[in-house]
Every structure is written in C-alpha cells, then in structure tokens.
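# Working through the structure, step by step
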Amino acid sequence: MSHLNVRQATAVIAEIAAPSGGRVALHEPQFSGAEWEYVKECLDTGWVSSVGSFVDRFESDLAAACAVKRAVVVVNGTAALHISLLMAGVRRGDEVLTPALTFVATANAIAHCGAIPHFVDSSWQTLGLDPQALSDWLARIAEPDIDGPRNRITGRRLAAIVPMHTFGHPVDMPGLLEVANRWGLPVVEDAAESLGSLQDGRPLGGRGLVGATSFNGNKIITTGGGGAILTNDDALADRAKHLTTTAKAPHRWAFSHDEIAFNYRMPNINAALGCAQLQKLPAFLRAKRALAKRYSEALAGLAGLRFFAEPHGAESNYWLNAIILDDPTQREEFLATSNDAGIMTRPCWTLMCDLPMFRECPQMELPVARAIVSRLVNIPSSAALGLTSNV
C-alpha cells in the first residue's frame, strides 16, 4: 500500500481545476448557447407551465440523443425512476434488486412504490452493480414462482433489477441483461448520471425495459430540475405520460381523471432550457473527456492513488471524476486538505443499507461496495474546466 502525499495531490488537482486560484465547485452548469433565447420565448408567449412546444421538442430531441423510441419528461429524476418502476410492474411489498452503492434517489423511488430495496454488491471495474455477484446471490436466495422469482428467505416477490451507472460509467449491461433474462426480471436503468455515455457504441438508458435520467443542476446538462423516462415501448411511454399528467382524459374543457396518478410533467420553461443544453451536449462531452484525460495524465505519477478510468468497451461522460486512494485512512485528510484549499472534493455516498430508513432491508455481503466507499473521492468535474483546455 503506497502512502499518498496529500498536499502534492491537492496541488496537482488545483493546477488543473483552479490554475488562477480561487474556489472551484465540484460540478457547475455551463450556459453558453440558446438558453436565454429559448427561455425568453416562454416568458414572451406565456407558455411556462407543463404544456408548450419546448416540452414536445425536448422529448423528441432527447429520444434521438438516447437512441430510444420515446422520452417522457418529468419534474426530476426521482419522479422518472418512480414511474419507470411502476411501468415495470413493481408492486407494494415486492423486493427490487439494486446496488447498495448508489444515490439515495434510487432507493427512495423503490420505496415510493411501496416496495423494498434489496441491496447487492458493486464491481471495481465499473463502480456499478456486479452481474456475477448478483447471479451468485440469486442462485442462493431466489426460487422460481408463477408470478416471477421469489426470495425464499423473506417470501417476497423479486420484481425488478435497477442498475445505476455510477458517475457516468456504464454498468456491464450485457452481463446484467443475461442474468435478468435468465430469471425473468425486468431491468429499469437508473441512467441519472450517464447522459452521453456509450457502451459498445450505444447510449445508455434504453437497454432494459425502461430507463430514467436526470437534469438536476449538477448534471451534464440541466433543466434546473427535471428528469425523463426512456423506453422503446410505445405503450409504456403512453402510459407513463398519462400517469404523469394526473391521469387526465383528453378533452377540450372537461376534467375527467380515470385513476390516482401524479402531477409530474416538466414545465415548458424547463424544457426550453433543456433544448438549448442538449444542443451543447457534444461539446460538453468533449470538454469533460478532455478534463478526465488531463487528470489521468497529471495524477499518473503520484503514489498512493489512481484515477478511475472508463470501463472496457465504454465511452463515459465522466460526469464526476473520481480518484481511488490506496489507503482508506487517508481519505478524510485528503478531503480536509483539498476543501481547505478551495478545491471542492466529496466522498462517495453512504451505502444505502447504512442509512436509518433502509437498515432492515435485505442485502448480500458487500465487500466491494464498502471498499469503494472507503477509498473513493470525487474531484472537480465541470465541463468549463475542460473547455479551458482548448477543446
């Protein structure tokens, strides 16, 4: 185990992220296109709520960017995940297999369905759900049943698998889909962080039955707040749009609603921002990959850490760049030193099974996830940092 010179590592990162000094954020939005023009059009015309031309346009443009037939835009990524899970048939009392190492929205969306997260381990190669570990675990605890596989320990139905593409790095989707197909489990992709990432040349979000992405202010493109449901199934997309629009039947004036539903639709003013941001996505991707390359090269000579690079067969968006420390006991020192120097760095999330509301949920042993959490640190990743590299 190599010892890390924390001050030296901080200085190397600062030279890339803040060469002129001053504080630098972990991830900031970049507005350099038609954002002002499109938002002003909404204000000038009065079309600022959940109906308007930019909503339709953003859905169409997003579907094309993600190589799916349909996109349904909503108020945030958690709402997109919630509806995606309902579309996959998740019911109250079911268990949903998902990584313990994820952002809390993944587990929250499962809980919003009345279902129970069932936590599985991650892979060092992708930072995401490990298909082999999942396969081995299912062989131990699952049994076929008429309504789908069942957890023989709890007696509950296993309803779906929800992988999350951690920091924009693709999960091994071919391996995961093989496991899912073998057990007859639908896959709901949590692609909140991975817009623009590719695996085997194909975008993420549309590999499973349905997927969800996010446009929060810290994502690669932003609508301020927002998300989208992605699918190649027209019937599911139509159902998602109905459920996210309070299940209102189309009519010129009557208010007729045919089931309990959700007011989740994205406002036109947010979609306008999204249309402008999506036009800049290729430039953002080039900038972020250039930034990752600079970090990788600059940090290569330092003992005690490694820069996390995209998995084999992937072209990651490098939403958040990450370093892995050899010695987990140096993590807090590195976080304190870098933040004291004005360089915003952050640890990985607390494992979901260690949060108070999810401690009683079923879980497998999590050696890799726990090792990742103890050693991973995110470093400044804004697209603007790459744009300064003559991209």
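Residues numbered from 1 in each chain as written. Predicted model: local features only at pLDDT ≥ 70, side-chain atom pairs only at ≥ 80, totals over all residues. Heavy atoms only, no water.

In terms of helices and strands, the protein chain carries 13 helices and 16 strands. Over its C-alpha trace the protein chain gives a radius of gyration of 21 Å, about what one expects of a compact globule, namely 21 Å for 391 residues. For the C-alpha atoms alone, the extent of the protein chain along its principal axes is close to 65 × 60 × 35 Å. When burial is assessed residue by residue, the protein chain has 57% of its 391 residues classed as buried. The contacts in the protein chain between residues at least 6 apart in sequence include a share of 71% that link residues at least 24 apart. Accessible surface, the protein chain: about 16200 Å² in total, of which carbon and sulfur atoms supply 53%. Here the protein chain holds 34 positive side-chain charges and 39 negative ones, and the gap between their average locations is 2 Å. (Helix = DSSP H or I, 4+ residues; strand = E, 2+ residues; numbered from the N terminus. Rg over C-alpha atoms; globule rule 2.2 N^0.38 Å. Buried < 20%, exposed > 50% of the residue type's maximum accessible area, 1.4 Å probe, protein only. Contact = heavy atoms within 4.5 Å. Areas by Shrake-Rupley, 256 points an atom, 1.4 Å probe, with all protein chains shown as cover. Lys, Arg positive; Asp, Glu negative; His and termini not counted. Charge placed at Lys NZ, Arg CZ, Asp CG, Glu CD.)

Across the interface, helix α6 (residues 131-141) lies against helix α7 (residues 173-183) with an axial gap of 8 Å and an inter-helix angle of 20°. It follows that α6 is roughly parallel to α7 by the angle criterion. Where α6 crosses over α7, the handedness of that crossing is left-handed. For the pair formed by α6 and α7, the contact residues are Pro131, Leu134, Ser135, Leu138 and Ala139 on the first element and Gly175, Leu176, Val179, Arg182 and Trp183 on the second. Among the residues forming the contact of α6 with α7, the class breakdown is seven nonpolar, two polar and one charged. (Axes fitted to C-alpha atoms, helices over the stretch in contact; angles between N-to-C directions. Parallel < 35°, antiparallel > 145°, perpendicular 65-115°, else oblique. Left-handed = near helix turned anticlockwise from the far one by under 90°. Nonpolar A, V, L, I, M, F, W, Y, C, P; charged D, E, K, R; others polar.)

Time to look at the packing of aromatic side chains. The full count for this structure, using the stated rule, is eight aromatic pairs. Feature note: the residues Phe103, Phe167 and Trp349 constitute an aromatic cluster, connected by ring pairs. Just above the ring of Phe255 sits the side chain of Lys248; from NZ or CZ to the centre is 5.5 Å. (Phe/Tyr/Trp six-rings, centres within 6.5 Å; stacked < 30°, edge-to-face > 60°. Lys NZ or Arg CZ within 6 Å of the ring centre and 35° of its normal.)

With that settled, consider the nonpolar core. In a soluble, globular protein the nonpolar side chains are often hidden away together inside. Counting 48 residues, the largest nonpolar core has Leu134, Leu138 and Ile161 as the members making the most contacts within it. Only β3 (116-120), α6, β6 (158-161), α7, β14 (321-325) and α12 (367-375) provide two or more residues apiece to this core. Filtering out sequence-adjacent residues up to four positions away, Leu138 remains in contact with Leu97, Leu158, Val179, Trp183 and Leu185. Counting residues in each nonpolar core, the second largest holds 29 residues, with Ala34, Cys66, Leu281 and Ala287 among its members. (Core = buried A, V, L, I, M, F, W, Y, C linked by side-chain atoms within 4.5 Å.)

Okay, the sheet that holds strand β12 (residues 305-307) next. Ordered in space as β12-β14-β16-β15, the four strands form an open sheet in which the pairing is antiparallel. For this open sheet the edge positions go to β12 and β15 (346-347), each flanked by a neighbour on one side alone. One ladder, built from two bridges, connects β15 with strand β16 (residues 376-379); its direction is antiparallel. Following the sheet pairing, Pro347 is matched in β16 by Val377. Against the sheet, helix α10 (residues 281-299) makes contact with β12, β14 and β16, and its axis sits at roughly 155° relative to β12, the strand it touches most. (Pairing = 2+ DSSP bridges.)

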